[in-house]
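Listed below, chain by chain, are the residues.
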Amino acid sequence: MNVFKLHDNGLLEARIYTHDNSSDYQNDVTKMWSLLSFLFPPSDFSEYPIAKAKTNLWTKRNALKSVIRYSDSVLRNSLGTALSASTGSEQQSLFDDQGASNSLDEFLKHKAYCDSSNIWWLKGGGKESDNEFEMLPSKDVHVILKGKLNEFTIPAKCSKQDFEYVLDQLRKYN
Amino acid sequence: MSWTNLGNITRKFHEGLGTTVRLNRLASHWHTGEVYTFDHLYQEISPSSTQNLALIVAELVQRGFLEKLVRVESPTGGGIKDFPSVEDVPDTIYDFHSDREIEVQPDNLRILFKVRHGG
């Protein structure tokens, strides 16, 4: 099911169900707009890019060690070179690999930016509590930062609270 | 070609001084042949909206500062070949990164803006 949700602050959130065989969601978004344009005229909204969050989450990683884990990251520079780093397993974080981190940092200094990332928002990273039921997020939440400037993907099911936590964090670091 | 001020382009789309300064700063360090994605330009210029950036980039292309191209990329990540438009992209292409012929999918295409004359 696809959902359009208008927040109190005017943010219009478009949630599109995950495809199994394609990462292109533009057609789904266009269909949603055409179905709901009588309620949400497209001309009343502008895109909310989260591009800066992609780079900020990496550059501020030392302060975010208990909040996120990086599985992989792709950087690009103005020569068209792409530098990709991926962990050896799902549980590992690029933050703990000094060699890979240094390489990515050095690359970023030369007209480069973070093009895409695979990150995990760590269980309890948003709230210091011993109570299992008060932790946010309630489990590790996998997020893929890729695609359009205003797009991110959560490939597995998660609770409403966890989803809103991820959305808030992305806006915070944007 | 003057790089001293691209403010006449940003002002045309009612962008503030900050956008003008960032665009001028970026352009003054451009080198011929460099390529930028739309995302990269957005991060560097920080315009008021993506719609305005699309207009600014279109103007930069129209005035000859940038050239729009379509790059076919290997599934392994590297670029294979550039084309002037999507219509010019063949259905299949030899991927020298993986030494095999690949069927070109939308995920293999990347729109780039190439600097025509450095600063």
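Cut-off values and rules
- Residues numbered from 1 in each chain as written.
- Chains lettered and ligands numbered in written order.
- Predicted model: local features only at pLDDT ≥ 70, side-chain atom pairs only at ≥ 80, totals over all residues.
- Helix = DSSP H or I, 4+ residues; strand = E, 2+ residues; numbered from the N terminus.
- Buried ≥ 20, exposed ≤ 12 C-beta atoms within 10 Å, placed from the backbone.
- Contact = placed C-beta atoms within 7 Å.
- Pairing = 2+ DSSP bridges.
- Axes fitted to C-alpha atoms, helices over the stretch in contact; angles between N-to-C directions.
- Nonpolar A, V, L, I, M, F, W, Y, C, P; charged D, E, K, R; others polar.
- Parallel < 35°, antiparallel > 145°, perpendicular 65-115°, else oblique.
- Domains from an automatic or database assignment.

Student: Can you walk me through the overall build of chain B in this structure?
Tutor: Helix and strand counts for chain B come out as four helices and six strands. The linear arrangement of helices and strands in chain B, starting from the amino end, is α-α-β-α-α-β-β-β-β-β. For chain B, the C-alpha atoms occupy an extent of roughly 50 × 25 × 20 Å along the three principal directions. Out of the 119 residues in chain B, the part that is buried amounts to 22%. The contacts in chain B between residues at least 6 apart in sequence include a share of 51% that link residues at least 24 apart.

Student: How do you make sense of the sheet that holds strand 5 (residues 112-121) of chain A when you look at a structure like this?
Tutor: Paired through backbone hydrogen bonds, the strands of a sheet run either parallel or antiparallel to each other. Residue and element names in this part refer to chain A. Reading across the sheet, the four strands line up as 4-3-5-6 and stay open at both edges, with antiparallel pairing between neighbours. The open sheet has two edge strands with one neighbour each: strand 4 (82-86) and strand 6 (141-145). Here the strands of the sheet are splayed against their neighbours by 15° on average, with no regard to which way each runs. In the sheet, strand 5 pairs with strand 6 via five bridges, with the strands oriented antiparallel. Counted as the bridge partner of Trp 120 is His 142 from strand 6.

Student: Teacher, can you tell me more about the interface of chain B and chain A here?
Tutor: Interface size is commonly expressed as the accessible area that is lost once the parts come together. Contact with chain B, which involves 16 residues of that partner, is made by 17 residues of chain A. Only strand 1 (35-36), helix 3 (38-45) and helix 4 (50-62) of chain B provide two or more residues apiece to the side of chain B that touches chain A. Broken down by element, the side of chain B that touches chain A gets its largest block of residues, four residues, from helix 3 of chain B. The class makeup of the residues in the side of chain B that touches chain A is four nonpolar, nine polar and three charged.

Student: It is not clear to me how the packing of helix 3 of chain B against helix 4 of chain B should be interpreted in this structure. Could you clarify?
Tutor: Between two packed helices, the angle of one axis relative to the other and the distance separating the axes together describe the packing. Residue and element names in this part refer to chain B. Orientation of helix 3 relative to helix 4, taken along the N-to-C sense of each, is 105°, at an axis distance of 11 Å. In terms of orientation, helix 3 lies roughly perpendicular with respect to helix 4. Here helix 3 contributes Leu 41, Tyr 42 and Ile 45 to the contact with helix 4, which in turn contributes Thr 50, Leu 53 and Val 57. Its residues assigned to classes, the contact of helix 3 with helix 4 comprises five nonpolar, one polar and no charged.

Student: Looking at this structure, how should I read the packing of helix 2 (residues 51-59) of chain A against helix 3 of chain B?
Tutor: In the contact formed by helix 2 of chain A and helix 3 of chain B, the axes pass within 9 Å of each other and the chain directions differ by 75°. On the basis of the axis angle, helix 2 of chain A is roughly perpendicular to helix 3 of chain B. Contacts from Ala 51, Lys 52 and Thr 55 of chain A in helix 2 of chain A reach Asp 39, Tyr 42 and Gln 43 of chain B in helix 3 of chain B.

Student: So what exactly am I meant to see when it comes to the environment of Leu 55 of chain B here?
Tutor: Residue and element names in this part refer to chain B. Within the element layout of this structure, Leu 55 appears in helix 4. The partly exposed category is assigned to Leu 55, around which 17 C-beta atoms lie within 10 Å. C-alpha of Leu 55 to C-alpha of Lys 68: the two residues are 13 residues apart in sequence and 13 Å apart in space.

Student: Is there a simple way to think about the domain arrangement of chain A in this case?
Tutor: Entries for chain A in the domain assignment read domain 1 (3-44) and domain 2 (51-172). The C-alpha centroid of domain 2 of chain A is placed 24 Å from the C-alpha centroid of domain 1 of chain A.

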